[in-house]
Amino acid sequence: MRYSQLFGKTSRQVPKDETAVNAKLLLRGGFVDKLMAGSYSLMPLGLRVVKKIEQIIREEMNATGAQEILMPLLHPKSIWNETGRWETAREVMYQFKKGDREYALSFTHEEILLDLVRKHVQTYHEFPVKLYHFSTKFRNEPRAKSGVLRGREFLMKDLYSVHTSQEDLDKYYEEVADAYITVFERIGLKALKVEAAGGVFTKEHTHEFQVLSEAGEDEIIYCPGGDFAQNTEIATVKEGKQCDLGHGPLLKVKAIEVGNIFRFGTVYSEKMNVMFADRGGTRKPAFLGSYGIGLTRAMGAIVEIYHDERGIIWPAAVSPFDAHLVHVEDSGTEPWVKEAYDKLTKGGVEVLWDDRQVSAGEKFADCDLIGIPVRLVVSKKVGEGKVEWKERTSDKTTIVDLATAVKKLSS
Ligand SMILES: [Zn+2]
């Protein structure tokens, strides 16, 4: 991709109405555009990051045996009345009237999923059902001040599982929890599984996946030994208490919630008449689990963790491109500049080529702001068939053969 052609360029201007680091850097880097508080467009660079996160989640969800679907965002009031959530979740839902009918914009999909299950599966041997989708969620956020960490509209992966027993649900719940840890590791986030309250979703305790960060809106008490973590909203102990396993005092820290998993049991199935026939032909209510990861929030969390005073530092797995190619001293029309770009792209490397006629200093500053892990410089000084290799995390530069760079970046 030639940078001159890319829609959405960098900006030196710090957005005045943003306080969150993630919003400032994503706006300045040309990753997102702000429509209003809590509502952002994903520009081509931002969408590339989100698509990388999405693919990693897809791979890990498929590995648990789940299948991908896509459910609607516009819901009739009637389906929400079946569980009573039209009333109980009123504060977070966008509800409205059109003509003489009432609708909601999706803030979650348990009801829609259960409707699918009761229509399409009836007997025990058709269970468990494991379905997920990537789609937009709408939530009425009175204060949306944390950039893409808290949107009124945001992208989420939600997985639902329906089982014939609590034991089977419990088993899959743990399997998904493990898959979540893997997802977060792959996208560069060290997430803790934290016990939490269920909010508008359930009275039962749930588990959140929390990334330690001062930018977080949550507070957790945890043991660095890894055996204990609770959200302070339900915490049964105080910070400073000694861990029972001898790891030392429990710590209280701020954290960003990047995922949340729930066990609903049969509560909604009973209300919505989602039944299955067991081996003896007796009809019983099904057991529901629900599992969410916020994609845009994960992108924001990554920026909060990986940045410095110059800009973003993307982990390679979610970087919008593998390499940022820059030519200096030349006009860009020299054959070796185009040759470097062609060899890299033909070798399977995703390259952003800054082909503008601006100073080297300006190009390098943009490289640092955009945060692609590897910067490659071509110039007469570097030499034909060679590139200067520099990683975003280091100031060290080395001259390597173009072929070596292709090999390193495509492996
Ligand atoms: Zn401990």
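Worth saying up front: this structure is predicted, and the values here are computed from it rather than measured.

### Description of empty space enclosed by the protein
Here is step 1 of the chain: Inspection of the entire model under this criterion finds 1 cavity of 30 Å³ or more.
Here is step 2 of the chain: Taken as a whole, the largest cavity spans an internal volume of roughly 50 Å³.
Here is step 3 of the chain: What lines the largest cavity is simply H324, C367, D368, I372, P373, V374, R375, K390, E391 and R392.
Here is step 4 of the chain: Among the secondary structure elements, those contributing two or more residues to the lining of the largest cavity are α10 (360–370), β21 (374–378) and β22 (386–391).
Here is step 5 of the chain: When grouped by side-chain class, the residues that make up the lining of the largest cavity number 4 nonpolar, 1 polar and 5 charged.

### Considerations on the nonpolar core
Soluble globular proteins tend to pack their nonpolar side chains together in the buried interior.
Here is step 1 of the chain: If you look at the biggest cluster of nonpolar residues, it comprises 57 residues, and the most contacted ones within it are I53 and W314.
Here is step 2 of the chain: Residues from two domains meet in this core; each of domain 1 (19–308) and domain 2 (321–410) gives at least three.
Here is step 3 of the chain: What I53 contacts, discounting residues up to four positions off in sequence, is I187, L295, A298, M299, I302 and V318.
Here is step 4 of the chain: One finds A89, L114, F262 and M272 within the second-largest nonpolar core, a separate group that totals 27 residues.

### Notes on the sheet that holds strand β6 (residues 101–105)
Here is step 1 of the chain: With respect to topology, 3 strands assemble into an open sheet ordered β4-β6-β5, the strand pairing being antiparallel. Here the strands that pair on one side only, and so sit at the sheet edges, are β4 (74–76) and β5 (94–98). The sheet shows a mean angle of 35° between the axes of neighbouring strands, taken without regard to direction.

### Some details on the coordination of the zinc ion
Here is step 1 of the chain: Taken together, the protein donors to the zinc ion comprise C223 (SG), D227 (OD), C243 (SG) and H247 (ND1), at separations of 2.0 to 2.2 Å.
Here is step 2 of the chain: Around the zinc ion sit 4 donor atoms, and with donor-metal-donor angles ranging over 90 to 131° the site reads as tetrahedral.
Here is step 3 of the chain: A relative accessible area of 8% means that C243 is categorised as buried.

### As for the pairing of strand β16 (residues 287–294)
Here is step 1 of the chain: With respect to burial, β16 is a largely interior element, 8 of its 8 residues being buried.
Here is step 2 of the chain: A two-sided burial pattern is seen for β16, the buried positions comprising F287, G289, Y291 and I293 on one face and L288, S290, G292 and G294 on the other.
Here is step 3 of the chain: Of the strand pairs in this sheet, strand β8 (residues 153–163) and β16 are connected by 8 bridges, and their pairing is antiparallel. Looking at β16, one finds that V162 is bridged to L288.

### A few points about the pattern of salt bridges
Pairing is possible between side chains of opposite charge, provided their charged atoms come close.
Here is step 1 of the chain: Throughout the structure, instances matching the rule amount to 37 salt bridges.
Here is step 2 of the chain: A salt bridge links R2 to D355, with the shortest nitrogen-to-oxygen separation between them at 3.4 Å. A residue pair is termed long-range when its members are at least 10 positions apart, and R2 in the segment before α1 (21–28) and D355 in the loop between β20 (351–354) and α10 qualify at 353 residues.
Here is step 3 of the chain: Look at D355 and you get buried, because its relative accessible area is 13%.
Here is step 4 of the chain: Here D17 makes a salt bridge to K34, at a shortest N to O gap of 3.1 Å. Of the two residues, D17 is situated in the segment before α1 and K34 in strand β1 (residues 32–36); the sequence distance between them amounts to 17 residues.
Here is step 5 of the chain: Exposure remark for D17: the relative accessible area of 57% places this residue in the exposed category.
Here is step 6 of the chain: K34 sits in the partly exposed class, given a relative accessible area of 23%.
Here is step 7 of the chain: Within this structure, D308, R310, D368, R392 and D395 form a network of salt bridges that share partners.

### Focus: the layout of surface pockets
Here is step 1 of the chain: There is about 1,000 Å³ of room inside the largest pocket.
Here is step 2 of the chain: Forming the walls of the largest pocket are 44 residues, and the residues nearest its centre are R139, E141, R150, E257 and R297.
Here is step 3 of the chain: Listing elements by their share of the lining of the largest pocket, those giving two or more residues are β8, β11 (218–222), β13 (251–265) and β16.
Here is step 4 of the chain: Counting residues per element, the lining of the largest pocket draws most heavily on β13, which supplies 7 residues.

What counts, and at which threshold
- Residues numbered from 1 in each chain as written.
- Predicted model: local features only at pLDDT ≥ 70, side-chain atom pairs only at ≥ 80, totals over all residues.
- Heavy atoms only, no water.
- 1 Å grid on protein atoms, 1.4 Å probe; cavity = no way out; pocket = protein on both sides within 12 Å on 5 of 7 lines; lining within 4 Å.
- Points joined across faces, edges and corners; volume = space filled by probe spheres on them.
- Helix = DSSP H or I, 4+ residues; strand = E, 2+ residues; numbered from the N terminus.
- Nonpolar A, V, L, I, M, F, W, Y, C, P; charged D, E, K, R; others polar.
- Core = buried A, V, L, I, M, F, W, Y, C linked by side-chain atoms within 4.5 Å.
- Buried < 20%, exposed > 50% of the residue type's maximum accessible area, 1.4 Å probe, protein only.
- Domains from an automatic or database assignment.
- Contact = heavy atoms within 4.5 Å.
- Pairing = 2+ DSSP bridges.
- Axes fitted to C-alpha atoms, helices over the stretch in contact; angles between N-to-C directions.
- Donors = N, O, S within 2.8 Å, 3.2 Å for Na, K, Ca; no water.
- Tetrahedral: all angles 85-135°; square planar, octahedral: opposite > 155°, others 65-115°.
- Salt bridge = Lys/Arg side-chain N within 4 Å of Asp/Glu carboxyl O.

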